[in-house]
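Tertiary structure, described
Residue-level listing of the chains:
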Amino acid sequence: MPKLGMEPIRRSALVEATIVEIGRAGSLDVTVSQIAKRAGMSSALAHHYFGGKDQIFLAAMRHILSVYGAQVRAALTVANGPRARLEAIIRASFEAGHFRSEVISAWMNFYVQAQTSDEARRLLRVYQHRLQSNLVHELRPMIGSDAPDMAANIAALIDGLYIRHALQGAQPDGKAASKRVLACLELMLSNHCSQNIPAGGIES
């Protein structure tokens, strides 16, 4: 049987092994040899495909972001109206396949790596821009020019819950996390409405 297609299979195995190993260690203090062993191949082959640990980790983050993006798109296809689509984006951020210990650990290390790596910083900015853009797109029909500020607040809440779970070491609960953000969204929208009632109140 021809081995055509083995490279993407092996790359995928190395990416998954990287996520698991970082989750196990809680940091980037893992070796290519450890990653390769978990993936069931030699470290030489891992180096051949990616070049080094930093490149493997960036590939893992691209995979994580790709899966996250697919989850968001899938959630949006079945949501009708700006409010439902906004809530779908928030829930997708805490899907069980994404909001799990290994991936949360990868995110925390990704934030750190972005402080010193240009490529990691660029990738982080792409994620931040897409999340902000998606949130603003759904908020604008609801609150107009205030959409960017509220979108930034929602994005900060999402990132904050990832950081909180990483620091607490508790078992991630995606439903509880999305419920917190949705409750804050409700409060923000209610406050926005009350602050924008015309003088004299609403005419009957």
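Note: the structure precedes this text.
Residues numbered from 1 in each chain as written. Predicted model: local features only at pLDDT ≥ 70, side-chain atom pairs only at ≥ 80, totals over all residues. Heavy atoms only, no water.

**Description of the pattern of salt bridges**
Per the counting criterion, the structure on display carries eleven salt bridges. Glu186 serves as the salt-bridge partner of Arg83, at 2.5 Å between the closest nitrogen and oxygen. Of this pair, Arg83 sits in helix 5 (residues 82–92) while Glu186 sits in helix 9 (residues 174–195), and the two are 103 residues apart along the sequence. Ionic pairing is found between Arg91 and Glu87, a salt bridge with its closest N-O pair at 3.6 Å. Of this pair, Arg91 and Glu87 are both found in helix 5, four residues apart, which corresponds to roughly one turn of the helix. Of the residues examined, Arg91 reaches a relative accessible area of 41% and is grouped as partly exposed. Salt bridges here are not isolated pairs; linked through shared partners, they connect Arg83, Glu87, Arg91 and Glu186. (Salt bridge = Lys/Arg side-chain N within 4 Å of Asp/Glu carboxyl O. Helix = DSSP H or I, 4+ residues; strand = E, 2+ residues; numbered from the N terminus. Buried < 20%, exposed > 50% of the residue type's maximum accessible area, 1.4 Å probe, protein only.)

**Remarks on the environment of Arg125**
Looking at the element boundaries, Arg125 is found in helix 7 (residues 118–143). The sequence separation of Arg125 and Ala114 amounts to eleven residues, and the corresponding C-alpha distance is 9.3 Å.

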